[in-house]
Amino acid sequence: MYHVYTEKNHSEFTRSLVIETPDYDLAMEKAEKAIEGKPELRYIVEETDGSMNSYGELVATVVAESD
């Protein structure tokens, strides 16, 4: 599963979920559209297989991000 987030000024406090999808191409398309024309935003695409750590938090790996 891919999770697409936007973030303003590299601040994790401003992170917003855009979409969850099993399709990588769709995730990248939505990520690009989400920041189009908004120079203050960047996107982060994370992949997860549903595994959780010992604290019950979802384990995710960043597979793409913009600058």
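Everything that follows concerns the structure shown earlier in this document.
Residues numbered from 1 in each chain as written. Predicted model: local features only at pLDDT ≥ 70, side-chain atom pairs only at ≥ 80, totals over all residues. Heavy atoms only, no water.

(A) Broad picture of the overall build of the protein chain. A count of helical and extended segments in the protein chain gives one helix and four strands. What you see for the protein chain is a C-alpha radius of gyration of 12 Å, in line with the 11 Å of a compact globule of 67 residues. Counting only C-alpha atoms and orienting by the principal axes, one finds that the protein chain spans roughly 40 × 25 × 15 Å. Classification of the 67 residues of the protein chain by burial places 33% in the buried group. Sequence separation of 24 or more characterises 37% of the internal contacts of the protein chain that already satisfy a separation of 6 or more. Split by element, the accessible area of the protein chain, about 4600 Å² in all, is 48% carbon and sulfur. Averaging the locations of the 6 positively and 15 negatively charged side chains of the protein chain gives two centres separated by 9 Å. (Helix = DSSP H or I, 4+ residues; strand = E, 2+ residues; numbered from the N terminus. Rg over C-alpha atoms; globule rule 2.2 N^0.38 Å. Buried < 20%, exposed > 50% of the residue type's maximum accessible area, 1.4 Å probe, protein only. Contact = heavy atoms within 4.5 Å. Areas by Shrake-Rupley, 256 points an atom, 1.4 Å probe, with all protein chains shown as cover. Lys, Arg positive; Asp, Glu negative; His and termini not counted. Charge placed at Lys NZ, Arg CZ, Asp CG, Glu CD.)

(B) Examining unusual backbone geometry more closely. Despite not being glycine, Asn 9 shows a phi value in the positive range, around 55°. Locating Asn 9 in the fold gives a position in the loop between β1 (2–8) and β2 (11–21). Given the relative accessible area of 54%, Asn 9 is considered exposed.

(C) Representation of helix α1 (residues 24–35) in the model. Compared with an ideal rise of 1.5 Å per residue, which puts 12 residues at 16 Å, α1 spans 17 Å between its outermost C-alpha atoms and is within 8% of the ideal. Turning to α1, its buried residues are Ala 27, Met 28, Ala 31, Ala 34 and Ile 35. The arc enclosing the buried residues of α1, seen along the axis, measures out at 125°, which places them on a common side. Residues of α1 that are exposed and point more than 90 degrees away from the buried face comprise Asp 25 and Lys 33. (Expected span 1.5 Å × (residues − 1). Arc of directions from axis to C-beta.)

(D) Spatial organisation of the packing of aromatic side chains. Using the criterion set out here, one finds one aromatic pair in the structure. Their ring planes at 65° and their centres at 5.4 Å tell us that Tyr 2 and Tyr 24 sit as a pair that is edge-to-face. With Tyr 2 in strand β1 and Tyr 24 in helix α1, this residue pair connects regions lying 22 residues apart in the sequence. A relative accessible area of 14% places Tyr 2 in the buried class. On the accessibility criterion, Tyr 24 (32% relative accessible area) is partly exposed. Sitting over the ring of Tyr 5, Arg 15 keeps its end group 5.3 Å from the ring centre. (Phe/Tyr/Trp six-rings, centres within 6.5 Å; stacked < 30°, edge-to-face > 60°. Lys NZ or Arg CZ within 6 Å of the ring centre and 35° of its normal.)

(E) Summary view of the environment of Ile 19. In this structure, Ile 19 sits in strand β2. Discounting residues that sit within four places of it in the chain, Ile 19 has contacts with Tyr 2, His 3, Val 4, Leu 26 and Lys 30.

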